[in-house]
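The residues making up each chain are set out below.
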Amino acid sequence: MATETKTTADAALISRLKEKAAWVRNETLKVHGVAPETRVASSLSPVEVLVTLYYGGWLRFDPRQPQWEGRDRFIASKGHGCIALYPILADLGFIGLEELATVCKNGSRLGCIPDMQIPGIETTNGSLGHGLGVACGMAIGLRQKRSDARVYVITGDGELCEGSVWEAVMFAGQHGLGNLTLIVDYNGIAMLDRCRNIIEFEPLDRKLREFQWDVVTVDGHDIGAVHEALAACRQSRSGRPQAIVARTVKGKGVPSLERDVLCHIKTLNAQQIAEAIGRAS
Amino acid sequence: MTTEKPLAMRDVFLQHLLEALRRREKIFIVTDDFGSPVLDKIRHEFGDHFINVGIAEQNAINIATGLAAEGFTVFAYGIASFMSMRCYEQIRTNLSMASQQRALNVNIVGVGAGLSYDISGPSHHCLEDITLMRLLPHIEVFSPSDWTLTTRVTEWSLRHPRPKYIRLDSKPVPRLYADGGPVTVEDGFCELAHGGDTCVVATGFMTQVARRALDQSAIRFGLVDVFAFRPLDEDRLLGVLKKYRRVVTLEEGFIHRGGLDTVVIGLLARHGVQMAVHPLGVNDRYLFDIGHRARLHQLCGMDEAGILQAVAAPRVET
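Counting from 1, residues in each chain are numbered in the order their sequence is written. By the order in which they are written, chains take letters starting at A while ligands take numbers starting at 1. A pLDDT threshold of at least 70 governs which residues receive local features in this predicted model, and a stricter bar of 80 or more applies before side-chain atom pairs are shown or counted, although totals over entire chains, interfaces and linings include all residues. Side-chain metrics in this entry use all non-hydrogen atoms of the structure; hydrogen atoms and water are not considered.

**Q** Could you clarify how one ought to interpret the overall build of chain A in this entry?
**A** Each helix corresponds to a stretch of at least 4 residues labelled H or I by DSSP, and each strand to a stretch of at least 2 residues labelled E; elements are numbered beginning at the N terminus. The secondary structure content of chain A amounts to 11 helices and five strands. The globule rule used for comparison is 2.2 Å times the number of residues to the exponent 0.38, while the radius of gyration itself is calculated over C-alpha atoms. Relative to a compact globule of 281 residues, whose C-alpha radius of gyration would be 19 Å, chain A shows 18 Å and is just as compact. For chain A, the C-alpha atoms occupy an extent of roughly 50 × 45 × 40 Å along the three principal directions. Only protein chains enter the area calculation, which uses a 1.4 Å probe; residues under 20% of their type maximum are buried, those over 50% are exposed, and those in between are partly exposed. Taken over 281 residues, chain A has a buried fraction of 54%. Working definition of accessibility: Shrake-Rupley area with a 1.4 Å probe, residue cover restricted to the visible protein chains. Counting every atom, chain A has about 11400 Å² of accessible surface; 52% of that belongs to carbon and sulfur.

This is how it looks when you write it as structure tokens:
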């Protein structure tokens, strides 16, 4: 009976998360309409991951106190590809919903890369390869303070080419940072080509495991699977850092982007945005 | 001056950290696998406040940033040339930029300033760090000339929650200052000697060399020790320099490239002060020459004889 109740509750939650993901995807497209400078394709691939993290009960936060000591730390290391955070932060009250119309406009605090002047953003982003190392420092610091807060960091897969990422991967495994979760938005495409044609990361899960990480690979657009993976991370008692390799589609929800290996630098016009929003609705 | 034994700046610095840890201050020491006997004591007694990230300076700065974000005072300790340059972009992004938004007390402590690792060659010579670090907003830059100043800077670093770069000499050095001497850290400099019509403005170990030149010669000159580039009270420094007719700058760094000479020339120019400035340092080349420090100084014309020669006949730079 308990299992059935849980399943029913989970099904309701998953349903709500799917609705929220659809809203976030549409709002992200609208932000791109306001600010064509934003990287829309790489911001569409992590939508389900971000929604599940923020609305699925896994990330602990207080929008009224963005720097609340008991919060979980979330680092958006793939800065360009995290524009989907803007509608989430606005919806949750970190920033005003009306600010979404100001992205990249003179005087706004929302640029085409989220940075730490925005409530809810922990680090200065945009330069790739920093987030995981900073997250490791936070994880050690929280452990020293005997805090039960956790650290989450999302990177892209192209970002894994940065050597500093692997310095941090080795460090986290060595130090048994069980309070650290890395989510790789594994959309397979960097700026100029598919990652496999630049640097082949496969088998990424085995590589991370060799460095003493727990690893699960999921369909990053399957909210139920992401939800389960985050639950496993939260409940982990292995004393190892956890990685979720979220296989995603760059430009998810916009067929012209999904088909285009150069989608990272592509901009959608107003009609394309309207069509994409209409398609999702 | 006393005749006590010279002390290594890093030992003095680490001894202070050991004492601060014993006072239960919230400190972490992060190193890129660089040690010292005093550090051995720290990691033995306070192992959970010590992290050796391995030979990985980028990670050292990132880890230090994360710890500082959690409220710890962090000392990122390693060899100066690597701690200032291998991880420059981490320092720029995570310390200089980030500290504009939030307080971060990360102290990058680089051992081996200037030519202290003389015979290790150009990879270990650190001739660029003052220029690079003073370029970055919000980073305080310290270049102490003796171990008493190292003590003052270490105390300062514990109390001021800002990112800092502290360059230390690798060799034991005698004291230049009496205990509690006339040093105000906020000034960034101290006038060690008055006299003559030329002022030698030196930083780091070169203040030691200038002091020796002054003590060994009948030639009189003023001596200003610039031990910090931020904070640096430029108005007060200008007031001192204006007492002289000429200036010789002296640094174990590249000349004409944004270091001490550039600071002095810029200060005089901004205030319309016409004064001859003669920069002594390393002139637009790396030193592959094998030799001990005094030999390298001689090759660059910045040994005691070179200093006295410049004092006697400086060329006009401004």
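**Q** Just checking my understanding: could you explain helix α12 (residues 304–312) of chain B for this structure?
**A** Side chains that are three or four residues apart share a direction in an α-helix, a result of its 3.6 residues per turn. Buried residues of α12(B): B:G306, B:I307, B:L308, B:A310 and B:V311, and no others. In the core, the buried residues of α12(B) are packed alongside β8 (198–202), α8 (205–216), β11 (246–254) and β12 (276–282) of chain B. Only heavy atoms enter the contact rule, under which two residues are in contact if any of them lie within 4.5 Å.

**Q** Explanation requested: the sheet that holds strand β10 (residues 228–230) of chain B in the structure shown.
**A** Hydrogen bonds between backbone atoms are what pair the strands of a sheet, whose relative direction is either parallel or antiparallel. All names here are of chain B. Strand order across the open sheet formed by seven strands is β2-β1-β3-β4-β6-β5-β10, with mixed pairing between neighbours. Each of the sheet's edge strands pairs with one partner strand only, and the pair in question is β2 (50–52) and β10. Across the sheet, the mean angle from the axis of one strand to that of its neighbour is 15°, orientation sign disregarded. Paired strands, in this sense, are two strands between which DSSP finds at least two bridges. Bridging between strand β1 (residues 27–31) and strand β3 (residues 73–79) involves five bridges; their strand directions are parallel. Axis definition: a line fitted to C-alpha atoms, limited for helices to the stretch in contact. Angles are taken between N-to-C directions and run from 0 to 180 degrees.

**Q** I tried to follow the pattern of salt bridges on my own but got confused; where do I start?
**A** A side chain of one charge can pair with a side chain of the opposite charge if their charged atoms are brought near each other. Residue and element names in this part refer to chain B. Within this document, salt bridges are pairs made up of a side-chain nitrogen of Lys or Arg and a carboxyl oxygen of Asp or Glu, the two lying within 4 Å of each other. Per the stated rule, a full pass over the model turns up 37 salt bridges over all chains. The partner of R236 in a salt bridge is D187, with the nearest N and O atoms 3.4 Å apart. Separated by 49 residues along the polypeptide, R236 in helix α9 (residues 234–241) and D187 in the loop between β6 (164–168) and β7 (189–193) bring together distant segments of the chain. Owing to a relative accessible area of 48%, R236 belongs among the partly exposed residues under this scheme. Judged by relative accessible area, D187 falls into the buried class, the value being 12%. D284 is the partner of R257 in a salt bridge, and the nearest nitrogen-oxygen pair spans 3.2 Å. Within this pair, whereas R257 is found in the loop between β11 and α10 (260–270), its partner D284 is found in the loop between β12 and α11 (293–299), the two being separated by 27 residues in sequence. Owing to a relative accessible area of 43%, R257 belongs among the partly exposed residues under this scheme. The class of D284 is exposed, set by a relative accessible area of 53%.

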